[in-house]
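Spelled out from the first residue to the last, the chains are:
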Amino acid sequence: MFEHNDPNRIQLNSSGQLRHFLTTEGLSRELLTEILDTADSFVDMGAKQIKKMPLLRGRTVVNLFFEASTRTLSTFELAAKRLSADVLNLNISTSSTSKGETLKDTLMTLEAMHSDMFVVRHADSGAAHFIASQVTPHVAVINAGDGRHAHPTQAMLDMLTIRRHKGSFEPLTFAIVGDILHSRVARSQIHALRTLGAREIRVIAPKTLLPRHIEAMGVKVFTDMREGLKDVDVIMMLRLQKERMTSALLPSESEFYKLYGMTTEKLAYAHPEAVVMHPGPINRGVEIESAIADGPRSLILDQVTNGIAVRMAVMSMAMSGQVVEKQLQHPSAN
Amino acid sequence: MFEHNDPNRIQLNSSGQLRHFLTTEGLSRELLTEILDTADSFVDMGAKQIKKMPLLRGRTVVNLFFEASTRTLSTFELAAKRLSADVLNLNISTSSTSKGETLKDTLMTLEAMHSDMFVVRHADSGAAHFIASQVTPHVAVINAGDGRHAHPTQAMLDMLTIRRHKGSFEPLTFAIVGDILHSRVARSQIHALRTLGAREIRVIAPKTLLPRHIEAMGVKVFTDMREGLKDVDVIMMLRLQKERMTSALLPSESEFYKLYGMTTEKLAYAHPEAVVMHPGPINRGVEIESAIADGPRSLILDQVTNGIAVRMAVMSMAMSGQVVEKQLQHPSAN
Amino acid sequence: MFEHNDPNRIQLNSSGQLRHFLTTEGLSRELLTEILDTADSFVDMGAKQIKKMPLLRGRTVVNLFFEASTRTLSTFELAAKRLSADVLNLNISTSSTSKGETLKDTLMTLEAMHSDMFVVRHADSGAAHFIASQVTPHVAVINAGDGRHAHPTQAMLDMLTIRRHKGSFEPLTFAIVGDILHSRVARSQIHALRTLGAREIRVIAPKTLLPRHIEAMGVKVFTDMREGLKDVDVIMMLRLQKERMTSALLPSESEFYKLYGMTTEKLAYAHPEAVVMHPGPINRGVEIESAIADGPRSLILDQVTNGIAVRMAVMSMAMSGQVVEKQLQHPSAN
């Protein structure tokens, strides 16, 4: 009964291991730390000549992208291939699903092909949860971004990057800057940072790009960069989701850059050892100054490297969690 | 001489083994049974964690799709990858082949790259046969659907599904329902069912969707579902090939559904243990009622699972038939 | 200092081994011969059932195509897969790169994913050189065609084809026929032929399709096929780059064919054992007569076969050159 009341319980098997990865919300500190520890080992492997592990050998991973994203698709494709999985990329535009077959039929068909994992990207919030609730047992679902809801692998690669550079979360103050309103990344970051014990989390944005009641998530709200960045240790810039914004919310790119773009001048407001992050792709001169993006305090490329490692980690952990669950339920089965 | 007069002889090597798979027509009961037996073993493998066999390791399979079909392409891609082949997907639209290079040149170029197998889908009837007649020895051709002619892997996955559920073909009565006129699936099903010893085969369709002289294929023709489904054991629905129909042939989707759609009411006309099949993707409420599609007598998802297994079977058998032929012709060669 | 003044020095590591493959210009006869020798061994492997070598196992090869070319992409994809690499195909249209992210950012991002090799095709001359100058050490860049500048793997597959049929370059006279002006292939062929010791190199084209000062490359210029083909041993036809030509340069296809198309009649001008080559795809009846293309003196399909082998050779050599360089610079590293 409890399990059905907890929307995030769907992510865990009956032993409490990860079996889907849909959101950072509601996952325990132990589990997030396990993801980071597992990813850490993959970071080291990535630097080797032979970047290949047999953890998903003979498994079929389907990248089910209802929303196009070459970059995110590439990272999941590479992660799956480095785990030795067979990979099927399906770009399912709205038009093709409306061509008769329902989403449920698409899922059931892919399951009947003995797919083991769906990596889902969708413009609708909740799509990955819905799919996880619909799939047959033993298929793992990884959320690669759903609407404004969550982008948990992005948040966890940010956590990994922070931990590798700063050691721990407890003593640090974080600022998330930009279009908080439309950002699934910001939501996933805030949940992860709180669970991992961040001392203070701030969001900095113009009023028009702040969701109502954002304070309820446990963050401090600022509309001014000078105030918001004071003594901050980690600055997490967001992308301007141009395609999601109506012009009414934002006067112009240059206006945004002047007020909220990350520049050398504004970086000086923060702690002298503050680092700057950005999920990419970056818009130079709109969200971030090149001197910052390419400078010694930028962790942008570390984020990319860690992104492959985090994806390998959650893919292998979720697959393993499904196997354990299957064994618990059918002790004699394969 | 005889061999040249038999258009299907091209499918076999000089020992009578499969070397291409172009049509179910003209293949012996023994050979069709061998395909089903081989596929049976792959069905069991598909349920395992490691769904990987080295039968096509180091081989190059080219999916040569002149007619787009994400779903069929995915099944062949997965089947080839699970056999450990290297896979190249080529979507060749009419426009690009008309951009100078002839079909023959495309084939010769791919052969010169040491491709081992072409999986061909084409809007023209006879395309797969033509390609098999043109390719260099040792390249196997698999027909993934050619015009109105044949779709033999679809027919064989249907046969496998029937055999796994009913045990044998001899005591059963079959009904194929829908757009018989445009259906390559129906043609391939009828040939396979007759060869495998089906007691009775019926086709049920409006007169406008029935080919002339269809009785010559050894089927009984019905235009009324109540009569046609009487005592039937297996009901094989067809897709409405909307893109192939002119409005003149079919008044409307709702009219079709009323007369020929598979509903609980019409299923009651058939044998009490009758099963329902459909090649997918299904159009709910046009060809089939959801209560049937998702009900206990639907074999639709088994068909998908068996589709991967049948494709793995014909791919590995045809490749093996080519190797044997090569050894017979060049005993000293590799 | 010398090294920085030599634009082609970038292709070699500090031991003089290949680490990028950008152009045939400036490479030594020894190195070109090493490429041909390595490729020779892959030609033999290609004819075997299992066409798979572990030379790039665990490596990530990114096909970075800023200019679409299904055919060239397929050859690099197959070559990489036969070397057991993980392959990522990225078609980067001008529109998507202009969507914010700069080329440099795209490269840095792919490097941060621990890509090992970029296969680059680009409409701008010099793009591959630029990318090689920008990439992090240890990433190898292979030029798959840049503007009018170079197409070195095409040139080397031509060299391999010639050597396998004629044995050596010294006693032979070569004629390159067609649109010299726009041809990166011709440039790469001329550099390779000169380095490999060709006795004489001719170019034959209408004046409008000849670059100024082409004689400075060490070739003899002809505008008449009868004169130009006299006693020639190897005829290398070029593609008509229709998309690159304005109508002003060429009256019509039929006019071109009449004057410069390779026909039985014109082949008679050449040496009695002259062979004919073409990079494909061929335009029958525009650049070449079918009787020639399919005849005993055509090497067109050998070129395709040798193309896979040459690509495997330069990919494995460049990767190996990067590994050696890394070891020289960081003796203790992995």
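Residues numbered from 1 in each chain as written. Chains lettered and ligands numbered in written order. Predicted model: local features only at pLDDT ≥ 70, side-chain atom pairs only at ≥ 80, totals over all residues. Heavy atoms only, no water.

Observations regarding helix α7 (residues 152-166) of chain B
Residues and elements named next belong to chain B. Here α7 is 15 residues long and its end C-alpha atoms lie 21 Å apart, about the 21 Å a rise of 1.5 Å per residue gives. For α7, the buried fraction is high: 12 of the 15 residues fall into the buried class. Buried residues of α7: P152, T153, Q154, A155, M156, L157, D158, M159, L160, T161, I162 and R163, and no others. (Helix = DSSP H or I, 4+ residues; strand = E, 2+ residues; numbered from the N terminus. Expected span 1.5 Å × (residues − 1). Buried < 20%, exposed > 50% of the residue type's maximum accessible area, 1.4 Å probe, protein only.)

Observations regarding the UniProt feature "binding site: L-aspartate" (unreviewed entry) in chain A
All names here are of chain A. Here the UniProt feature "binding site: L-aspartate" (unreviewed entry) sits at K99, R184 and R239. Note that R184 resides in helix α8 (residues 184-195). Within the local environment of R184, its side chain forms a polar contact with the side chain of E67, the two groups lying 3.0 Å apart. (UniProt positions renumbered as here; feature names shortened; annotations may be inferred. Polar contact = N/O pair within 3.5 Å; in protein donor to acceptor, adjacent residues only side chain to side chain.)

Quick word on the environment of B:I288
Residue and element names in this part refer to chain B. With respect to the secondary-structure elements, I288 resides in the loop between β9 (275-277) and α12 (290-293). Considering only alpha carbons, one finds I288 and M262, 26 residues apart in sequence, at a separation of 4.5 Å. Those residues in contact with I288 that sit more than four places away from it in its chain are Y257, M262, V276, I282, N283, A293 and I300. (Contact = heavy atoms within 4.5 Å.)

Remarks on the packing of helix α3 (residues 70-82) of chain B against helix α13 (residues 300-329) of chain B
Residues and elements named next belong to chain B. One can describe the packing of α3 onto α13 by two numbers: an axis separation of 9 Å at closest approach and a directional angle of 55 degrees. Relative to α13, the element α3 is oriented oblique. Crossing of α3 over α13 shows right-handed handedness. Residues R71, T75, F76, L78, A79, A80 and R82 of α3 lie in contact with α13, whose contacting residues are V304, I308, R311, M312 and M315. Per-class residue counts for the contact of α3 with α13 are eight nonpolar, one polar and three charged. (Axes fitted to C-alpha atoms, helices over the stretch in contact; angles between N-to-C directions. Parallel < 35°, antiparallel > 145°, perpendicular 65-115°, else oblique. Left-handed = near helix turned anticlockwise from the far one by under 90°. Nonpolar A, V, L, I, M, F, W, Y, C, P; charged D, E, K, R; others polar.)

Quick word on the interface of chain A and chain C
Each side of the interface is counted separately: chain A has 24 residues, and chain C has 23 residues. Among the residues of chain A in contact with chain C, A:Q49, A:K52 and A:L78 are the three that bury the most area, contributing 25% of the side total. The interface formed by chain A and chain C holds three salt bridges in total. A salt bridge links A:R284 to C:D105, with the shortest nitrogen-to-oxygen separation between them at 2.6 Å. For the interface between chain A and chain C, the tally reads 12 residue pairs in polar contact (both at pLDDT 80 or more). Looking at the side of chain A that touches chain C, the elements with two or more residues in it are α3 (70-82) and α13 (300-329) of chain A. No other element matches α3(A), which puts eight residues into the side of chain A that touches chain C. Across the side of chain A that touches chain C, the residue classes tally to eight nonpolar, seven polar and nine charged. (Buried area = accessible area lost by both parts, 1.4 Å probe. Salt bridge = Lys/Arg side-chain N within 4 Å of Asp/Glu carboxyl O.)

What about the relation of the copies chain B and chain A?
Of the transformation superimposing chain B on chain A, the axial component is 0.0 Å and the angular component is 120 degrees, with the fit at an RMSD of 0.0 Å. Here the two chains are linked by the operation of a three-fold rotation axis. (Least-squares fit on C-alpha atoms with pLDDT ≥ 70 in both.)

Some remarks on the sheet that holds strand β7 (residues 220-222) of chain C
The strands making up a sheet are joined through hydrogen bonds of the backbone, oriented either antiparallel or parallel. All names here are of chain C. In spatial order, the strands read β7-β6-β5-β8-β9; together these five strands make up an open sheet with parallel pairing. Of all the strands in the sheet, just β7 and β9 (275-277) have a single pairing partner and so form its edges. Going from strand to strand, the sheet's axes swing by 20 degrees on average, the running direction of each strand aside. Sitting on the sheet, helix α7 (residues 152-166) is in contact with β5 (173-177), β8 (234-237) and β9, with an inclination near 155 degrees to β8. (Pairing = 2+ DSSP bridges.)

Quick word on the pairing of strand β1 (residues 60-65) of chain B
Residues and elements named next belong to chain B. In terms of residue burial, β1 counts as a mostly covered element, since six of its six residues are buried. The alternating pattern of β1 places T60, V62 and L64 and V61, N63 and F65 on opposite faces, both of which are buried. Two strands pair when backbone bridges link them, and β1 and strand β2 (residues 86-91) are joined in this way by six bridges, in the parallel orientation. Pairing of F65 across the sheet is with N91, part of β2.

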